[in-house]
Each structure stands twice: as C-alpha cells, then as structure tokens.
Amino acid sequence: MKGLKIIVLAKQVPDTRNVGRDAMKADGTVNRAALPAIFNPEDLNALELALRIKDNNPGTTITVLTMGPGRAAEIIREAMYRGADKGYVITDRKFAGSDTLATSYALALAVKKLAPFHIVIAGRQAIDGDTAQVGPQVAEKLGLPQITYAEEILSFRKEEITVKRRLERGVETVSAPMPLVITVHSSAPECRARHAKYTIKYKRARSLSELQDTSEDYLQLQKDRPYLVIQEWSVDDIGADVEQLGLSGSPTKVRKIENVVFAGRESRLLSSSDDDIEDLMKELITNHTVG
Amino acid sequence: MHNIFVYCEIEDGQIAEVSLELLSKGRFLANRLKCKLEAVVLGDKLDNIGKQIMPYGADVIHIADDKRLYPYMTLPHSAIVKGIFEEEKPQIGLFGATSIGRDLAPRIASALKCGLTADCTALEIGNHTENKTKKEYRDLLYQIRPAFGGNIIATIINPDTRPQLATVREGVMKKEMLSPDHKGVVKNVDPGKWLKDEDFVIRIIERHIESRKVNIKNAGIIVSGGYGVGSRENFQLLYDLAGVLGGEVAGSRAAVDGGFIDHERQVGQTGVTVRPKLYIACGISGQIQHRAGMDQSAIIISINNDPDAPINQIADYTIIGDLTEIIPKMIKYYQKNTK
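Residues numbered from 1 in each chain as written. Chains lettered and ligands numbered in written order. Predicted model: local features only at pLDDT ≥ 70, side-chain atom pairs only at ≥ 80, totals over all residues. Heavy atoms only, no water.

A. Up close: the sheet that holds strand S12 (residues 185-188) of chain B. Residues and elements named next belong to chain B. Pairing is parallel in the open sheet, where 7 strands are placed in the order S7-S11-S6-S1-S4-S5-S12. Every other strand in the sheet has two partners, leaving strand S7 (116-120) and S12 as the edge strands with one partner each. Averaged over all adjacent pairs, the angle separating strand axes in this sheet is 20 degrees, with direction ignored. Pairing analysis gives 3 bridges linking S7 to strand S11 (residues 164-168), with the strands arranged parallel. Along S11, the bridge assignment pairs Cys-120 with Val-168. Contacts from helix H4 (residues 101-112) reach strand S1 (4-8), strand S6 (92-96), S7 and S11, with the element oriented near 155 degrees to S6. (Pairing = 2+ DSSP bridges. Helix = DSSP H or I, 4+ residues; strand = E, 2+ residues; numbered from the N terminus. Axes fitted to C-alpha atoms, helices over the stretch in contact; angles between N-to-C directions. Contact = heavy atoms within 4.5 Å.)

B. Inspection of the domain arrangement of chain B at higher detail. Residues and elements named next belong to chain B. The domain boundaries assigned to chain B delineate domain 1 (4-200) and domain 2 (221-338). For the pair domain 1 and domain 2, the summed buried area comes to about 880 Å², and 47% of that belongs to carbon and sulfur atoms. For the pair domain 1 and domain 2, the number of links is 0 salt bridges. Where domain 1 meets domain 2, there are 3 residue pairs in polar contact (both at pLDDT 80 or more). Taken together, the residues of the side of domain 1 that touches domain 2 break down into 5 nonpolar, 5 polar and 5 charged. (Domains from an automatic or database assignment. Buried area = accessible area lost by both parts, 1.4 Å probe. Salt bridge = Lys/Arg side-chain N within 4 Å of Asp/Glu carboxyl O. Polar contact = N/O pair within 3.5 Å; in protein donor to acceptor, adjacent residues only side chain to side chain. Nonpolar A, V, L, I, M, F, W, Y, C, P; charged D, E, K, R; others polar.)

C. Inspection of the nonpolar core at higher detail. Judged by nonpolar contacts, the single largest core of 46 residues is most densely connected at Ile-6, Leu-47, Ile-119, Ile-121, Ile-161 and Ile-182 of chain A. In contact with Ile-6 of chain A, not counting residues within four places along its chain, are Ala-50, Ile-53, Thr-60, Thr-61, Ile-62, Thr-63, Ile-119 and Ile-121 of chain A. In terms of nonpolar packing, the next biggest core, distinct from the first, is built from 36 residues, Ala-242, Ile-299, Ile-326 and Ile-331 of chain B among them. (Core = buried A, V, L, I, M, F, W, Y, C linked by side-chain atoms within 4.5 Å. Buried < 20%, exposed > 50% of the residue type's maximum accessible area, 1.4 Å probe, protein only.)

D. Structural context of the environment of Thr-173 of chain A. With respect to the helices and strands, the residue Thr-173 of chain A is situated in strand S9 (residues 170-177). For the pair formed by Thr-173 of chain A and Leu-154 of chain A, sequence separation is 19 residues and the distance between their alpha carbons is 8.7 Å. Residues in contact with Thr-173 of chain A, not counting those within four places in the same chain, are Leu-154, Thr-162, Val-163 and Lys-164 of chain A together with Arg-203, Ile-204, Ile-205 and Glu-206 of chain B.

E. Representation of the pairing of strand S6 (residues 119-123) of chain A within the structure. All names here are of chain A. Most of S6 sits inside the fold, with 5 of its 5 residues counted as buried. Pairing analysis gives 4 bridges linking strand S1 (residues 5-10) to S6, with the strands arranged parallel. Bridging from a neighbouring strand, Ile-7 pairs with Val-120 of S6. As paired elements, S6 and strand S10 (residues 180-184) share 5 bridges and run parallel to each other. What sits directly across from Ala-122, in S10, is Thr-183.

F. View of the pairing of strand S15 (residues 248-251) of chain B. Residues and elements named next belong to chain B. Pairing analysis gives 4 bridges linking strand S14 (residues 221-225) to S15, with the strands arranged parallel. Pairing of Ser-224 across the sheet is with Ala-250, part of S15. Crossover S14 to S15 through helix H5 (residues 232-245) is right-handed. (Right-handed = clockwise from strand over helix to strand, strands pointing away.)

G. Expanded view of the interface of chain A and chain B. With 82 residues of chain A at the interface, the matching set in chain B holds 86 residues. Note on chain A versus chain B: buried area summed over both sides is about 7300 Å², and carbon and sulfur give 53% of it. At the junction of chain A with chain B, the criterion picks out 7 salt bridges. The partner of Glu-160 of chain A in a salt bridge is Arg-203 of chain B, and the shortest N-O contact between them spans 3.1 Å. Taken together, chain A and chain B are joined by 39 residue pairs in polar contact (both at pLDDT 80 or more). Put simply, the parts of the chain that give the side of chain A that touches chain B at least two residues each are helix H4 (134-142), strand S7 (146-157), strand S8 (160-167), S9, strand S13 (253-259), strand S14 (268-270) and helix H8 (274-286) of chain A. The element best represented in the side of chain A that touches chain B is H8 of chain A, accounting for 9 residues. Looking at the side of chain A that touches chain B residue by residue, the classes come out as 33 nonpolar, 24 polar and 25 charged. Bridge analysis of S9 of chain A against strand S13 (residues 203-209) of chain B gives 6 bridges, and the strand direction is antiparallel.

Have a look at this one:
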C-alpha cells in the first residue's frame, strides 16, 4: 500500500517510574514540578510502529496529536526528530480535570478534524494513570473497530491490516479493515533514536504558547518555513461542547486522595550477621513456614 | 433494574477465575445494597455454564450462546453487553482487568457515557456529600485504586452516572462459593437483537493461547526482587534461594522495567496478586502498587540496605544489609538446619 495517513495519539506524562522523595508535597498532593515530563513510553512504541509502516510505504504521513498544557509540544518535536511529519497540541484550560471519557471525546473530535485517515495508533496506556481506556474510548466515539495490545504489524493487503496482539496468556493474529484504531503494547519494538537530519530540520519547531515564552523572533522563521509551526487547537477549534469536557464532562470524580502511609506491623529488625540469619532460618523451619 | 452485573469471561468452556472472584465480591456488594447479582456470559456451547456460576451467588444469568461469540471479539461483545445494560440499567458493572475486560469495558463506558475505574484494589459502598452543592449521594460504589505511580491511593466515585463500572485484576478479590445449591434464573439472550454484520469486520487468523508457564500466583513461597537487586546476574541469587526453599521468583515493576526479570513474574497492581505463606522481598522499596499485590502474604521478610524502605513497615522481619551477602547465608543455614 502506498501513502497511508496515520495519526499517533501521544501523551506527555510525569515520569512516575522515577519518583523521588520530593515527589509529594507535605499536604499529600503531587509535586508535578519535581517530576520530569516525558513521552509516555508506550506511545513511543506506537510511534515506532507508525514509523515502520512509513518506512515500508513511501508517501505515508504521520501526524501526532496530543492533549495537554502548551509545553506538551515538546513530545511533538521529539516525534518529529524521529520521523513524524507534523503535530497538533490540543490545549485549553477548559480541558482541565477531564477523565478518560472527556479526554477521548476531545481526542475523537480532533481526529475527525484530521479525517480522512487510515490508522489511529496510540500506546496501550499512560504511566500516570495506567487505565488503558482512552484508546478504546476514542475508537468507540469514532465508530471504528479497535485492535488493542498490538506488538507487530505483519502485513497490509489492499485496505486490510494484519496485526499480532500480545495477550496475557499468549498471542493472537487478527486482520481488520482500515480505518481503525490500534493500541500498542510495551512488548512492541522500542522507538528508534532521533535522526540527525530531522533533528536539525525541526529543532526550531514551536507552538504558539512556546513563542510567547521566548524573546527570539520565530515569526519570520515560521513564515519562511511553515513546517516549523506546531499548531494548537482550542475547544472551539475542535468544535467541542464544553459541558462534555473537564469536570462537568467527567463521570468519575475523585472523592479522596490518600498519601501512601504504610500501616505498621509488629516487625523484627535483624542484621546480616551469621547468628541473626541462622536464628531466622531455624525459626522458619520450626514453625513450618519453610521445609 | 439497578442490580449488580458481572461480565464473565470464558476460557476453554470454563468461567475464568477472575470472573468467579468478581461474582463473589458482587454477591457481597449485592447483599449490602439489597439488590440482585446478575451475570452476563457470551460464548459458544454454554450448556453447562449456569451450573458453574450459580454456586457463586448469581440470581440471574444472561447467556448469549452463539458460535460467533467465541473467541472474544471487541465489537460483537460490546454490542451485546451495551444492549443488555441499556435494557437492564445496572447500578454497578464489574469486569476483569484482563486482556478482554480492559478491551471491552472502556467501549461500554464510552457508549453509555458512564464512569469506569481501572484496576481497582478495593470496592466498597459508601455515601458522599458534594462539597460545593452539599448534595447527598447514598450507597455509591467507592472504587479504590493506587494512582500516579503508586504514590497515592485514590477513591473514585461516579455520583451522577450509571452504571458505575470497574475493572479488577485476577487474584485481587477472594473467590468464595456462596452455596453449591444456590439457584439462579437463566435468561437466554438473542444476540441477533444487537449484532450487525459490521461487528464482524475483524477476523481472528491465529491464536496461541499459552497456559502460563510461570505460576507465581499459586506459589507458597515467593522470593521477589526489586530494582535494588541491581542486575539480572544478581537475580540468580534469588533463583538459587527459591530453588532451595521450593518457591518461585517474582519481581516488582521496577525490576521488570529494569530488564532484570520478565513481566509474567511481576507482582503488584499491574502484575499478579499473590498470597503466599512466605514472601521474601529483596531490594524492594515497597511502593503501594507493589504492596497491593503482596500485602496479604502470611509472613513477609524484607532484605534491604535502606532501613527506611517503606516495605520494612509491613515486614515481619527486616534484615538490613547487602542481599548478595545475606541470601547465600540464608541458603547455607537453611541447608544446615534441615539436614
């Protein structure tokens, strides 16, 4: 197949895997400033599958769509450095507090704005929530079939794509017509490194929000090289109903957040001395825990 | 109307473990709410399925028996479950947090515009007062789960939308038979009522459903390692200890992400939940996500060079020191005292 149009859904997330002691504030809320913002790992797997399709199908274009604050344009640049063609940041204060249902509503509207397309592809889940809901919910809102937990794209034939899925107890190979939504499992190939050529080309790509924070004059540059514009879309741009966004559009509410406090048990402290270890093993043997 | 529904998964003609666990929890919640427990089963050749489900306390079982419904496919299953939910208007819907449940439940939530909470580690019933409006809600489902990398525990509610949907991983809830003689009503569902030809656009070409090679869930002794083990090589020590004690080796998510151990051995909220009689945590700091998967262990030993590691607070024994020194000693003194 030649010239597919692929939309990659990606999210910039706090790196919850490397949480330090300063990650929580004294009041029990998350100190986002202390956590580095990264490209959600499985979205990178999704980008890689999209890039592989592009490698094998000249003329394919990859558009990255992300929803978040203005600085989320960082991950669009990261995607461009690896071979994505362009990207959009869906950003608006009215999105704040959106749960997966409201988020998928907004993303689905943005995807529709980019239609026609062949494939919408995203990571299975984001590490700040681990819900794995947004991909299937976007698919439902678009009225499209979904293939979740993709590990490998096996082939294209006419308008049909064949994909290997990673399930908890094995693998499954399925074929589906396009357009469709695919979510990608972490067992899929890792994303390639930045490409020097693209890094130079897109180094100065900026969104409007980012331009406001810089004294450099990008406007002329962007006029001369339109590919350096990272477009931002607001609620109005995607034609969303505000009632279906943010807190009002989110059926799930957080009733309570507890900072993690470990309930103490009666505990015995041992050293690594031979005596301590031998006593412990004897005790475990005596009370039939082992042996 | 307003009952609790459990979507039951089928594996080789049997109800999946996770579904029986959810039925057990569902029965408990139904008693609390004084409503009925209903099961939904979609598949092929389901003649004996009612008998498997009833002892777990289902009052009504909706069965859609059609050869097109096995193996699971997203579109036909979501069309039927959505159809049943629209007619029956459950107050709560429970799904396994499995490859199937996590594929299906979000589609249902999106179609019904209702809330869904993934990977709950506890489900409770309680009231809620909205802060701003002072509006009172009674008997909501508290959907409790670790969030944000396990640094917080969030209680999620769906005050205004129904059904309240949740997914729960296998092993989190306890499987408890209500009574072998419990009888429920079987309602045969005509799938044709909801299915369209377009629901079958995806074709399954091949499946290898491998039974789990490693079974840490049923191991009586688990030697588990975290990021603090340091390397894949050091993990060999854990295998040595597990081999001597007759146990299995597991790891935390950090150890899996670090490439020290395979995902199928991961304990925790996004892995397997275990309840061994002995859990030896080596170099595991003890994030709540990990704890959620092992804190029911009968005896917990923590080996850590950090006296302040959170896991030490739930450990029965804490050994402070270098695990490369401690584990060989444990092997040595175990062998010495069992001979």
